Structure formats: structure tokens, C-alpha cells
Amino acid sequence: MIDNLLNPAILFFALGFFATLVKSDLEIPQSISKFVSLYLLMSIGLKGGIQIAANPITADILIILGVAIAFSALIPFAVFFSLGNRFRVEDKAAIAATYGSVSAVTFVTAVNYLGQLDIAFGGHMVAALALMEAPALISGFWLYKRYSTDTVQDSGHSNWEAITNASVLLILGAIVIGIIANDAALDRVKPFTESLFQGMLMFFLLDMGLLASKRISALRDTGIVTIMVAILIPLISAALAIAISWLLSLNLGDAFLLTILCASASYIAAPAALRIAIPKANAGLYVPMALAITFPMNLIFGFPLYLKILQSIL
Amino acid sequence: MDTRKKLEIIVTNPEAKPVLLLLENHGITHYSIIRDVYGRGDRGIQDGNDLSDTFINVLIICFITTETFEVVKESLRAELSRQGGVAVVSDVSSLKH
């Protein structure tokens, strides 16, 4: 745990969080934030594609991907019904979709964490990341349509938005390029796609710290229940993922990444799709829950906790 | 000088697409968009502090005839009631259009 806290990436996250609290004028221009996030997605997608090309796809891999998709589609149902009547239907559906969908930033940080500990993982887990974005959003919108008393418009546009959003498209595209591109050419771009990765991630987490700190103030008025929900949902999802990993006898790296995917919540792809699909849902609720509570909780406490449990049972 | 209606619509970035689609479906194919519009409204502060462009507004401006405005206004009102956003209309004179 202490080692994780002294990781420079985590420390820069803390610095960003602190900077906002003390009202510093430290900020990163939005276009640079976007560039770095796209760089990280491209880099992780390429890495996954290269690994997939090196190891043929087996039935076990297809089972893992199937489980990942099932998790993404089903977690929203569990979240929606467990929230009871404390939230409006539109907010419940949006929170459910947010927590069923996944955080690419958490995943990228988790991959970096595994790298520092020399724990191997399969490239197919990057594909799992891309495949888990959309099913949860579709489930969340279905729940909204099913239980809302409002007249709800067709979800076709937002479903398409969920499937073609920038992060999913870039990761899937980078995976395909990593699979089909020739090795010599990929070696030539490694100084950009791999050597810069850790520094870029550190810089990006500084920005995430700034954003998380700015967003957390939105939860002041929503009460302790909202914060507890943002802590408990990922822990329960992680426990389910750990149990499934044990049942499927996954290797440690794959199991850890599956757990991280299930425990994370989307704050990039989901809000963009939900604003269109469930416009009455309060984005000031589900975005801060995912970004300001769940993300740092996973980053600081979740990573070492999940890994420790997985190491003891696998 | 021609008399026109100046229609100004402020919506969040993700919601701009459906609004533009609605305008185009009503024959309004000429418009200007100002991105990164900060502000505060019913849905709190729109300050651009996120990576999904959810917390940032856009301003759509178009100059249309009174007839076109009469055709689009109810659909636009319904769309903004559904998803949020504001629209104001004013009479302007066009020097060149």
C-alpha cells in the first residue's frame, strides 16, 4: 500500500487534487489533456494488438471476453435495483450505466502498475476494455426506458454513440493496427508509443487530480449516501470479478485487469452518451461519483487490495 | 435590408448534435457554432472541466426567415424541453445575407 502511495503517478494525482483545494491557478489546457488521453489509449491499444498477434486466440480468451461483456451488461441491472428509491429513475439508470461501463484511464494506470511489478497479462484484456464500454450504456438506457414514466425517445443514436465513441474506436483501431502492422515498423515507433508512456501517464494523472478535485465539490449537497454508493459499488463488482477469476483459474495479470475493469466507472465515454440517451439524469451526480470518488479509491486503495486478494487465492 | 430572425441556442456539447440534426431537418443548413462556451444554469456550472465535453456548452447561431422560424419553433421547443438548453430569438436586419 505504501509503495503504491509513493508511486510518482499517484503522487502527481495527489498534487493535482491539492492544487485545486488550495485554489492554485495550475491547470492543463483542455486540448493537451485530450491529446494525452488519446496518446495513452493509442499506446495501450497498440501494445494489446502486438500481444494478441504474438499469441493466438484460444477458447479461454474468448471465454474471458464473453465474461467481460456479460459483466458490463449485467452490472447495471444489479446497481439499478440495489439503489432502491433513494434516486430518481433517470439518475439510477445513469449511475447503473456509468458503473457497468469501464474507465480506460483506470485500466491504463493498472497496466502501468502491473508493469512496475513485472506481472504479465494478455493483450486480449485491452480488447476486453474496448468491448466493455458499450453494453453497460445500452443496459442503462434499456432500464431507463423500461422504468421511466416519461416518454422516452428511441435509443438508436445514443447506442451508436456508445459503440463509436472516440475511446472505443481508437482502442479497437490501435489493436487491429498492432495485429496487422509489420514488426520492423512497430519497432521504429516504440520510442513514441512505449518509452514515453510512463511519463505521459504521470502527467495525465496530474490533470486527473485537478479534475477530480474540481468535481468533488458537486457531491457536497448530495449527502453521504451518494459517496457510500460510489465506494461500495466498485468493491462489490471487484469481489464478483475476483470470484469469477478464481472459478476460471485466470492468470494473475488477467484476473487483476478484469477486476479493475469491473470495479471502475466510466467518466469519459459514458457521460457523452448519457447526455443524449438520458438527458434528464443529473451529470453533476454520476460524473463526480465516478471521477472524484471511485477513480481515486481504486487508484490508491483498490489496486493493492485487489492484487493482494488475487495473489492469495490464485 | 432584409429582416431576419436571429436564433441563438445554448446547449451542452453532446446535445448539440441532435439540435443541429433537427435544424437541418427543417431546412436550416446555414449556422455558426461557437464552442467552449462557459456558464452556469439549471444543471450547475459548465466549466469544461472534464474529458467527455459534457460540462461545456456550445452556442449555435442562425439567421432565418420568419416563415422558417414558425416551422421550426415548436420542434425546437420540444427538443430543448427534453434534453435541456436555452434558445432566444430576436429580430435583426441583414446588411448582407
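Residues numbered from 1 in each chain as written. Chains lettered and ligands numbered in written order. Predicted model: local features only at pLDDT ≥ 70, side-chain atom pairs only at ≥ 80, totals over all residues.

**Digging into the overall build of chain B**
Inference 1: Helices and strands together make up the secondary structure of chain B, namely two helices and six strands.
Inference 2: Its helices and strands in sequence order give chain B the pattern β-α-β-β-β-β-α-β, from N to C terminus.
Inference 3: For chain B, the C-alpha radius of gyration of 14 Å lies close to 13 Å, the compact-globule estimate for 97 residues.
Inference 4: Over its C-alpha atoms, taken along the principal directions, chain B stretches across nearly 45 × 25 × 20 Å.
Inference 5: Counting over 97 residues, chain B shows a buried share of 32%. (Helix = DSSP H or I, 4+ residues; strand = E, 2+ residues; numbered from the N terminus. Rg over C-alpha atoms; globule rule 2.2 N^0.38 Å. Buried ≥ 20, exposed ≤ 12 C-beta atoms within 10 Å, placed from the backbone.)

**Quick look at the overall build of chain A**
Inference 1: A count of helical and extended segments in chain A gives 17 helices and zero strands.
Inference 2: The C-alpha radius of gyration of chain A comes to 19 Å, within 12% of the 20 Å expected for a compact globule of 314 residues.
Inference 3: Considered along the principal axes of its C-alpha atoms, chain A spans approximately 55 × 50 × 40 Å.
Inference 4: Looking at the 314 residues of chain A, the share that counts as buried comes to 52%.
Inference 5: Counting contacts in chain A only where the partners sit at least 6 residues apart, residues at least 24 apart contribute 89% of the total. (Contact = placed C-beta atoms within 7 Å.)

**As for the interface of chain A and chain B**
Inference 1: Listed by partner, the interface residues are 18 residues for chain A and 16 residues for chain B.
Inference 2: Listing elements by their share of the side of chain A that touches chain B, those giving two or more residues are helix 3 (30–54), helix 13 (197–216), helix 16 (269–277) and helix 17 (283–313) of chain A.
Inference 3: Of the residues belonging to the side of chain A that touches chain B, the class tally is ten nonpolar, four polar and four charged. (Nonpolar A, V, L, I, M, F, W, Y, C, P; charged D, E, K, R; others polar.)

**Side note on the pairing of strand 1 (residues 2–12) of chain B**
Residues and elements named next belong to chain B.
Inference 1: Pairing of strand 1 with strand 6 (residues 86–94) involves nine bridges; the strand directions are antiparallel. Bridge pairing in strand 6 places I10 opposite V86.
Inference 2: As judged from the eight bridges shared by strand 1 and strand 5 (residues 57–64), these two strands associate in the antiparallel manner. By the bridge assignment for strand 5, I10 is matched with L59. (Pairing = 2+ DSSP bridges.)

**Concerning the sheet that holds strand 6 of chain B**
Residues and elements named next belong to chain B.
Inference 1: Spatial ordering of the open sheet is given by 2-5-1-6, a layout of four strands whose pairing is antiparallel. Each edge of the sheet is formed by a strand with only one pairing partner; in this case those strands are strand 2 (32–37) and strand 6. The sheet shows a mean angle of 20° between the axes of neighbouring strands, direction not considered. (Axes fitted to C-alpha atoms, helices over the stretch in contact; angles between N-to-C directions.)

**Examining the environment of S237(A)**
Residues and elements named next belong to chain A.
Inference 1: Topologically, S237 is positioned in helix 14 (residues 224–247).
Inference 2: Between the alpha carbons of S237 and P304 there is a distance of 16 Å; along the sequence they are 67 residues apart.
Inference 3: Apart from the residues within four sequence positions on either side, S237 is in contact with I75, C262 and A263.

**Topic: the packing of helix 13 of chain A against helix 17 of chain A**
All names here are of chain A.
Inference 1: Between helix 13 and helix 17, the shortest axis-to-axis distance is 9 Å and the interhelical angle comes to 125°. In this view, helix 13 runs oblique relative to helix 17, as classed from their interaxial angle. In the crossing of helix 13 with helix 17, the sense of the turn from one axis to the other is left-handed. Here L211, A212, R215 and I216 of helix 13 lie close against helix 17, whose contacting residues are V287, P288, L291, A292, F295 and P296.
Inference 2: Looking at the contact of helix 13 with helix 17, its residues break down into nine nonpolar, no polar and one charged. (Parallel < 35°, antiparallel > 145°, perpendicular 65-115°, else oblique. Left-handed = near helix turned anticlockwise from the far one by under 90°.)

**Digging into the environment of S312(A)**
Residue and element names in this part refer to chain A.
Inference 1: Within the element layout of this structure, S312 appears in helix 17.
Inference 2: The exposure class assigned to S312 is exposed, which follows from the 7 C-beta atoms found within 10 Å.
Inference 3: Residues S312 and P76, 236 residues apart in the sequence, show an inter-C-alpha distance of 29 Å.

**Some details on the nonpolar core**
Inference 1: Grouped together as the largest cluster of nonpolar side chains are 106 residues, with contacts concentrated most on A93(A), F107(A), A128(A), L129(A), I171(A) and L261(A).
Inference 2: Here this core gets 15 residues from one element, more than from any other, and that element is helix 17 of chain A.
Inference 3: If we ignore the near neighbours within four places in the chain, the residues touching L129(A) are V102(A), A104(A), F107(A), I171(A) and L261(A).
Inference 4: Counting 14 residues, the second-largest nonpolar core is a separate cluster that includes L7(B), I28(B), I60(B) and V72(B). (Core = buried A, V, L, I, M, F, W, Y, C linked by C-beta atoms within 7 Å.)

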